[in-house]
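Residue-level structural notes
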Amino acid sequence: MRSWGEPDERVETAALVMTELVTNAVEHTAGRRIRCRVLRTPGRVRVCVWNRGRRHASGLPGLPGQRSPQQSGAPVGGPRGTDGPGPVAMDGPEGNDGFSLSSVAEDGRGLMLVDALATRWGTRSSVSGRLVWADI
């Protein structure tokens, strides 16, 4: 992407999004074949991850559909604070509000990150596998 003249910020964002999509493919499918592709069009880069194989027994969490581009600065998913766990108490494991960092899962944030970084993203499933793409 750098040889295409893409700015460093876009290159780093694309690398992070690609990493999250590949991680999901590895964790949520039984197949061994995963293909990655980066496509360039004027003004955008699309990262694609295709995996062949069936879901693990645990399955992939439900994926939201394609997302339209958000206006710059608009929060994704509503006002800040309504989607997350709320304020984190810094004075101890059970702080003032009873919230504990141990109650927050260590996984399940990859697609939230993709949603925040990509201008839009989506999935396509077929008999041969699943394609997940994101525009940066």
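Residues numbered from 1 in each chain as written. Predicted model: local features only at pLDDT ≥ 70, side-chain atom pairs only at ≥ 80, totals over all residues. Heavy atoms only, no water.

1. So, the nonpolar core
Threshold: In plain words, nonpolar cores are sets of buried Ala, Val, Leu, Ile, Met, Phe, Trp, Tyr and Cys residues tied together by side-chain atoms within 4.5 Å. Each residue is assigned to one of three classes by its accessible area relative to the maximum for its type, calculated with a 1.4 Å probe on protein chains only: buried under 20%, partly exposed between the two thresholds, exposed over 50%. Counting from the N terminus, the helices are the DSSP runs of H or I reaching at least four residues and the strands are the DSSP runs of E reaching at least two. Whether two residues are in contact is decided by their heavy atoms: any pair within 4.5 Å suffices.
Counting residues in hydrophobic clusters, the biggest one holds 14 residues, and the most contacted among them are Val17, Leu21, Val47, Val114, Trp121 and Ala134. The set of elements that each furnish at least two residues to this core consists of α1 (8–28), β2 (44–51), α2 (110–117) and β4 (129–135). Counting residues per element, this core draws most heavily on α1, which supplies five residues. When near neighbours in sequence (up to four residues on either side) are disregarded, Val47 contacts Ala14, Val17, Met18, Leu21, Arg37, Val38, Val132, Trp133 and Ala134.

2. Considerations on α2
Rules: Summarising the geometry, the arc corresponds to the directions from the helix axis toward the C-beta atoms.
Among the residues of α2, those classed as buried are Gly110, Leu111, Val114 and Asp115. Projection of α2 onto a plane perpendicular to its axis shows the buried side chains occupying an angular sector of 135°, all on one side. In α2, the exposed positions angled more than 90 degrees off the buried face are occupied by Met112 and Ala116. Residues of α2 that are buried make contact with α1, β3 (120–126) and β4.

3. Let's talk about the confidence of the model for the protein chain
The criterion, for reference: Within a predicted model, pLDDT stands for the predictor's per-residue confidence, ranging from 0 to 100.
Of all residues in the protein chain, 60% attain a pLDDT of 70 or more, and the chain-wide mean is 74. Element-level mean pLDDT values for the protein chain span from 92 in α2 up to 95 in β2. Confidence over residues 57–94 falls short of pLDDT 50; this stretch has 43 contacts with residues more than four positions distant or in other chains.

4. Quick word on the packing of aromatic side chains
In plain terms, the rule: Aromatic rings from Phe, Tyr and Trp, taking only the six-membered ring of Trp, are treated as a pair when their centres fall within 6.5 Å; an angle between ring planes under 30 degrees marks them as stacked, one over 60 as edge-to-face, and anything in between as tilted. Should the NZ of a Lys or the CZ of an Arg lie within 6 Å of a ring centre and within 35 degrees of the ring normal, that charge is described as sitting over the ring.
A full pass over the atoms with the stated rule returns zero aromatic pairs. The ring of Trp133 has Arg46 sitting right over it, with the charged end atom 4.1 Å from the ring centre.

5. A closer look at the environment of Ala134
Mapped onto the secondary structure, Ala134 falls in strand β4. Between the C-alpha atom of Ala134 and that of Leu21, which follows or precedes it by 113 residues, the distance is 9.0 Å. Excluding residues that lie within four positions of it along the chain, Ala134 makes contacts with Val17, Leu21, Val45, Arg46, Val47, Val114, Ala118, Arg120 and Trp121.

6. What about the state of the cysteines?
Operational definition: In plain terms, two cysteine sulfur atoms within 2.5 Å form what is called a disulfide here.
Within the structure shown, the criterion is met by zero disulfides. The closest cysteine sulfur to the non-disulfide-bonded Cys48 is located on Cys36, 9.4 Å from its own sulfur.

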